[in-house]
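# Observations on the model geometry
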Amino acid sequence: MDNSLQEALKPLRDKIDQIDRDILELLNQRAQTAIDVGAVKHKFQADSAVLKPEREAQVIRRLQELNRYGTFTETGVRAVWAEIISVCRGLEKGLTVAYLGPEGSYSEQAAMEFYGHSVQPLPCPSFDEVFRAVEAGQADVGMVPVENSTEGAVNRTLDLFLNSTVKVHGVRSIPIRHCLMSLHGTMDGVKSISAHPQALAQCQKWLSQHYPTMEIVPAASNSEAARHAAQDETVAAIAGETAAVFWNLGLVASGIQDDANNKTRFLAIGNIETAPSGRDQTSLIFAVPNRVGAVYEMISPFARNGVSMTRFESRPARTGQWEYYFYVDVLGHRSDENVARALDELKQQSAFFKILGSYPMQ
Ligand SMILES: O=C(O)C(=O)C[C@]1(C(=O)O)C=C[C@@H](O)C=C1
């Protein structure tokens, strides 16, 4: 760089250095205060959970509100404070997070966006293992996909919720941008394309247009397919870009999902109850007796009590008698008066009833 540019930059860079020093000083004060919070929690309740999703949501929402006219972006505020809180929380007590691995998966991305990077990752080989790790206390929390905007429900996750003791304490939607990747970044010598069945379905049109005769091999996860591609030059994988970086693969094509706005919604699971944050939703499962008009009657408590339903999904109960479990999300916290009343009425009439959790909306 020439000297006059250096001279012009110098005072601005000095200013940034000073600002960073000030930020660092404040971050250290915040970290120490979080440690004090941890000590108070422990003093009053030895087994109190350090993770308070409602408080974390409130902290970030408040700052986004304060920053409404700021130059720093709204997503920037969320990303930066998710990491600040992650560090502070980690100083109070470490958090182990289970998710479908291996490294580089979308589940990992959702988990890191939600809990920040100052956690102990526990990549698991299946959704079943994620639930098991959280139930057994091997992990404090987990992150599991429930719904994709193109492909619909992630059925295995919904089925696992049915018999699990875990509760939901958060939600995170992330954009899914699939990439085709291989060891050398080309399709020369590639004989098959591998990915999780959900990803294969989300790229169906693109695949049939570009590689109509290629063998398609389902994998346990996209990042598992990426790991396979890293070991075998005849295999190409479909996964996110983070998987390509992690497994050192070359990108053949990017953004190959049939729907440009493809998104997946993940739920944060654990063994904690979440207090109201001011903007919450509640997830529940119920089953109705098998008779005419039963579903209509079942959901009428929501309308009667002014509770909005934002999701309604059904899964066969596998009794062979056309019985279904219904997965429903409603606006509000289970402790809100109208929500509590509606849930109570619904429970009275249900053949099966289970609240998965009330938690802050994204
Ligand atoms: O307020 C608390 O309870 C804290 O422990 C502090 C803090 C934070 O860093 O702001 C950290 C962890 C909790 O999940 C919530 C918030």
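The rules behind each value
- Residues numbered from 1 in each chain as written.
- Predicted model: local features only at pLDDT ≥ 70, side-chain atom pairs only at ≥ 80, totals over all residues.
- Heavy atoms only, no water.
- Near = heavy atom within 4 Å.
- Polar contact = N/O pair within 3.5 Å; in protein donor to acceptor, adjacent residues only side chain to side chain.
- Areas by Shrake-Rupley, 256 points an atom, 1.4 Å probe, with all protein chains shown as cover.
- Helix = DSSP H or I, 4+ residues; strand = E, 2+ residues; numbered from the N terminus.
- Nonpolar A, V, L, I, M, F, W, Y, C, P; charged D, E, K, R; others polar.
- Buried < 20%, exposed > 50% of the residue type's maximum accessible area, 1.4 Å probe, protein only.
- Pairing = 2+ DSSP bridges.
- UniProt positions renumbered as here; feature names shortened; annotations may be inferred.
- Axes fitted to C-alpha atoms, helices over the stretch in contact; angles between N-to-C directions.
- Contact = heavy atoms within 4.5 Å.
- Phe/Tyr/Trp six-rings, centres within 6.5 Å; stacked < 30°, edge-to-face > 60°.
- Salt bridge = Lys/Arg side-chain N within 4 Å of Asp/Glu carboxyl O.
- Core = buried A, V, L, I, M, F, W, Y, C linked by side-chain atoms within 4.5 Å.
- Domains from an automatic or database assignment.
- Buried area = accessible area lost by both parts, 1.4 Å probe.

Turning next to the site of the ligand. Near the ligand, the surroundings consist of Arg30, Val37, Lys41, Val50, Leu51, Lys52, Arg55, Glu56, Ile85, Cys88, Arg89 and Glu92. Lys41 is positioned such that a nitrogen or oxygen atom in its side chain is 2.7 Å from an oxygen atom of the ligand. Here the ligand, which alone exposes 360 Å², has 90% of that area covered by the protein. Of all the elements in the fold, those that place two or more residues in the shell around the ligand are helix H1 (3–44), helix H2 (53–66) and helix H3 (74–92). The element contributing the most residues to the shell around the ligand is H3, with four residues. For the shell around the ligand, a count of residues per class yields five nonpolar, no polar and seven charged.

Time to look at the pairing of strand E6 (residues 179–182). With burial as the criterion, each face of E6 is covered, one bearing Cys179 and Met181 and the other bearing Leu180 and Ser182. Where E6 and strand E10 (residues 250–254) come together, four bridges link them in antiparallel fashion. Note that in E10 the partner of Cys179 across the bridge is Ser254. Alignment of E6 against strand E9 (residues 235–239), held across three bridges, turns out to be antiparallel. Looking at the pairing, Leu180 lines up with Ile238 of E9.

In this section: the UniProt feature "domain: Chorismate mutase" (unreviewed entry) in the protein. Under the local residue numbering, the UniProt record ascribes the feature "domain: Chorismate mutase" (unreviewed entry) to residues 3–96. Here residues 3–96 is 80% helix and 1% strand, with 50 Å between the C-alpha atoms at its ends.

A few words now on the sheet that holds strand E7 (residues 192–195). The strands that make up a sheet are held in pairs by hydrogen bonds between backbone atoms, and each pair lies either parallel or antiparallel. With mixed pairing, five strands are arranged side by side in an open sheet as E8-E7-E9-E6-E10. Both edges of this open sheet fall to strand E8 (215–218) and E10, since each of them pairs with a single strand only. Neighbouring strand axes in the sheet, compared pairwise and without regard to direction, differ in orientation by 30 degrees on average. Packing of helix H9 (residues 222–231) onto the sheet brings it into contact with E6, E7 and E9, and relative to E9 it is tilted by some 150 degrees.

Looking now at the packing of aromatic side chains. With the rule as written, the count across this model stands at seven aromatic pairs. Between Trp206 and Tyr211 the ring centres are 5.9 Å apart and the planes differ by 50 degrees, which places this aromatic pair in the tilted class. Within the aromatic cluster, the residues linked to one another by ring pairs are Phe286, Phe312 and Phe326.

With that out of the way, let us pick up the pattern of salt bridges. This model, assessed by the stated rule, comprises 16 salt bridges. Its salt-bridge partner being Asp329, residue Arg265 comes within 3.6 Å of it at the nearest N-O pair. Pair noted here: Arg265 is in strand E11 (residues 263–270) and Asp329 is in strand E14 (residues 324–331), with a separation of 64 residues, a long-range link. When sorted by exposure, Arg265 lands in the same class as Asp329, which is buried. A single salt-bridge network, built from bridges that share partners, covers Glu147, Arg265, Arg311, Glu313 and Asp329.

This brings us to the nonpolar core. The biggest cluster of nonpolar side chains holds 29 residues, and the ones touching the most others in it are Phe131, Phe161, Val168, Leu267, Ile269, Ile285 and Tyr325. When residues of this core are assigned to domains, at least three fall in each of domain 2 (96–176 + 263–269) and domain 4 (276–360). Contact partners of Val168, with chain neighbours within four places excluded, come to Phe161, Leu267, Ala268, Ile269, Leu356, Gly357, Ser358 and Tyr359. Tyr99, Met112, Ile174 and Phe266 belong to the second largest nonpolar core, which has 18 residues in total.

Turning our eyes to something else, we now look at the domain arrangement of the protein. Per the domain assignment, the segments making up the protein are domain 1 (13–92), domain 2 (96–176 + 263–269), domain 3 (179–254) and domain 4 (276–360). Taking the mean C-alpha position of each, domain 2 and domain 4 sit 22 Å from one another. Contacts between the two partners involve 17 residues from domain 2, matched on the other side by 15 residues from domain 4. Summing both partners gives a buried area of about 1300 Å² for domain 2 against domain 4, and 53% of it is carried by carbon and sulfur. Where domain 2 packs against domain 4, one counts two salt bridges. Here domain 2 and domain 4 share seven residue pairs in polar contact (both at pLDDT 80 or more) between them. Of all elements in the fold, only helix H6 (155–163), strand E5 (167–175) and E11 reach the threshold of two or more residues within the side of domain 2 that touches domain 4.

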